[in-house]
Amino acid sequence: MRAELDIDWEEEPIEGAEALLQKTVQCCAEAEGLAENVYAQVRMTDNEGIRQINREYRQIDRATDVLSFPSADCHPDDTLGNCPGKLRQERDETGRCFLGDIMISLPKAREQAEEYGHSLQRELAYLTAHALFHLMGYDHMREEDKERMRAMEEKALNKAGVGRVTDEELIQIAREAMRFSYSPYSHFKVGAALLAKDGRVFRGCNVENASYGVSNCAERTALFKAVSEGAREFTAIAIATEKAMAWPCGICRQALYEFAPELRVIVACGDQKEEALLSQLIPHGFGPAEGMLNILGKE
Ligand code: THU
């Protein structure tokens, strides 16, 4: 089963969004258990565009974040996965069944991403998943339907790698990373889990070396993995140890400060847990703005 989106960008496409949204729709359709190849059409528009459609089809004269128009007539008690006959109503020339139309206001998505403190790509994935479950019959009018819809969204978004990660989950991921620690010299195992703004989590462990100075801390392992995969914005890091609580060393503080001076740093050992902002751990820090001064001065 393949699930796809045909996306019509009315402004410059948002970098990295296309791949993430295609992955999201595949995860939504799998979560619902669809068996046929399906697609939905998405129009990425502005506030005026979505307001017009609201006015025309819903008699609501204002801009909203997202709209969906299902092609099959489903409802919360009988969603699309339960009634596959309804899927086959319309097919395109390649045999894909049409789920319906989605419309998203990019300015609204930007506002909401800002409000929730996550990336625009991640907000677009949330809105797309929400709309897609509407297309498959889900709704949030009754409390029990709302819960079911939220659970499906969460399941699909987690699978797409953009689910919400709690501090406890981040600590758990750091603990798992700690198991791979290569520390035959210090016997001090450290694991780190770095949460990127787009929802991805990068893990790392300390990797020691017979030439001691070559050793790398867990935090920098996670950071370098993240940056080399295209992530540059981060919201939190969890650091797990088993012997004693470990705040990041000076070098790691500086390495992280380059990308996220306001990073939340959570350290955990056994049932102990503490938290601080990186800007508290490295006051009067030297960051990219200062690093650039030198270059600018020479021009
Ligand atoms: N270490 C880390 O990985 N992170 C820290 O925050 C502190 C220290 C590692 C480096 C070395 O492998 C071992 O712990 C002992 O210093």
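You'll find the structure just up there.
The sections below set out a description of the structure shown in this document. (Residues numbered from 1 in each chain as written. Predicted model: local features only at pLDDT ≥ 70, side-chain atom pairs only at ≥ 80, totals over all residues. Heavy atoms only, no water.)

## Some details on the nonpolar core
- In terms of nonpolar packing, the biggest core is built from 48 residues, with Met 44, Ile 102, Leu 124, Leu 132 and Phe 133 touching the most fellow members.
- Going through the elements one at a time, β1 (3-9), α1 (17-32), β2 (38-45), β4 (97-105), α3 (106-116), α4 (120-135) and α5 (143-159) are the ones with two or more residues in this core.
- With 10 residues, α4 is the single largest residue contributor to this core.
- Beyond its immediate sequence surroundings of up to four residues, Ile 102 is in contact with Ala 40, Gln 41, Val 42, Arg 43, Val 66, Leu 67, Ser 68, Thr 128, Ala 131, Leu 132 and Leu 135.
- Grouped together as the second largest cluster of nonpolar side chains are 24 residues, Phe 202, Leu 223, Ala 226 and Ile 239 included. (Core = buried A, V, L, I, M, F, W, Y, C linked by side-chain atoms within 4.5 Å. Buried < 20%, exposed > 50% of the residue type's maximum accessible area, 1.4 Å probe, protein only. Helix = DSSP H or I, 4+ residues; strand = E, 2+ residues; numbered from the N terminus. Contact = heavy atoms within 4.5 Å.)

## Let's talk about the site of the ligand
- Close to the ligand lie Ser 186, Phe 188, Val 190, Asn 206, Glu 208, Cys 217, Ala 218, Glu 219, Trp 247, Pro 248 and Cys 249, which account for all nearby residues.
- In the environment of the ligand, an oxygen atom lies 3.0 Å from a nitrogen or oxygen atom belonging to the side chain of Asn 206.
- When the ligand is considered free in solution it has 370 Å² of accessible area, and contact with the protein chains removes 78% of it.
- Looking at the shell around the ligand, its residues break down into seven nonpolar, two polar and two charged. (Near = heavy atom within 4 Å. Polar contact = N/O pair within 3.5 Å; in protein donor to acceptor, adjacent residues only side chain to side chain. Areas by Shrake-Rupley, 256 points an atom, 1.4 Å probe, with all protein chains shown as cover. Nonpolar A, V, L, I, M, F, W, Y, C, P; charged D, E, K, R; others polar.)

## Points about unusual backbone geometry
- A positive phi angle is found at Gln 59, which is not glycine, with a value near 50°.
- With respect to the element layout, Gln 59 can be found in the loop between α2 (47-58) and β3 (66-70).
- The class for Gln 59 is exposed, based on a relative accessible area of 66%.
- A positive phi angle is found at His 187, which is not glycine, with a value near 55°.
- As for its placement among the helices and strands, His 187 is situated in the loop between α6 (167-178) and β5 (190-196).

## A closer look at the packing of aromatic side chains
- A full pass over the atoms with the stated rule returns five aromatic pairs.
- Ring centres 5.4 Å apart and planes at 85° place the aromatic pair Phe 133 and Tyr 138 in the edge-to-face group.
- Residue class for Phe 133 comes out buried when judged on its relative accessible area of 0%.
- Judged by relative accessible area, which is 9%, Tyr 138 ranks as buried.
- In this arrangement the basic side chain of Arg 96 is found over the ring face of Tyr 39, its NZ or CZ atom lying 4.0 Å from the centre.
- For the cation-ring pair, Arg 179 lies above Phe 180, with the distance from its terminal atom to the ring centre recorded as 5.9 Å. (Phe/Tyr/Trp six-rings, centres within 6.5 Å; stacked < 30°, edge-to-face > 60°. Lys NZ or Arg CZ within 6 Å of the ring centre and 35° of its normal.)

## A few points about the sheet that holds strand β7 (residues 234-241)
- Ordered by their spatial adjacency, five strands build an open sheet running β6-β5-β7-β8-β9, and the pairing between neighbours is mixed. Edge positions in the sheet fall to β6 (201-205) and β9 (272-277), since each of these pairs with one other strand and no more. Strand-to-strand twist in this sheet, taken as the mean axis angle between neighbours without regard to direction, amounts to 15°.
- Looking at chain direction, strand β8 (residues 264-269) and β9 are connected through six bridges and run antiparallel. Across the sheet, the residue bridging to Val 267 is Glu 274, located in β9.
- The sheet contacts of helix α7 (residues 218-227) involve β5, β6 and β7, and relative to β6 the element is tilted by about 140°. (Pairing = 2+ DSSP bridges. Axes fitted to C-alpha atoms, helices over the stretch in contact; angles between N-to-C directions.)

## Side note on the environment of Leu 124
- Tracing the sequence through the fold places Leu 124 in helix α4.
- Given the relative accessible area of 0%, Leu 124 is considered buried.
- Sequence separation between Leu 124 and Ser 105 is 19 residues; the distance between their C-alpha atoms is 9.5 Å.
- Excluding residues that lie within four positions of it along the chain, Leu 124 makes contacts with Trp 9, Ile 14, Ala 17, Leu 21, Met 44, Ile 104, Leu 106 and Ala 109.

## Let's talk about the packing of α1 against α5
- Contact geometry of α1 with α5 gives a least axis separation of 8 Å together with a crossing angle of 130°. Regarding the angle of α1 to α5, the classification is oblique. Note that α1 runs across α5; the crossing there is right-handed. Counting all contacts with α1, which are made through Lys 23, Thr 24, Cys 27, Cys 28, Glu 30, Ala 31 and Glu 32, the residues of α5 involved are Met 152, Lys 155, Ala 156, Leu 157 and Lys 159.
- Among the residues forming the contact of α1 with α5, the class breakdown is six nonpolar, one polar and five charged. (Parallel < 35°, antiparallel > 145°, perpendicular 65-115°, else oblique. Left-handed = near helix turned anticlockwise from the far one by under 90°.)

## Concerning the state of the cysteines
- Using the criterion set out here, one finds zero disulfides in the structure.
- As a non-bridged cysteine, Cys 252 has Cys 249 as the owner of its nearest cysteine sulfur, 3.8 Å distant. (Disulfide = S-S within 2.5 Å.)

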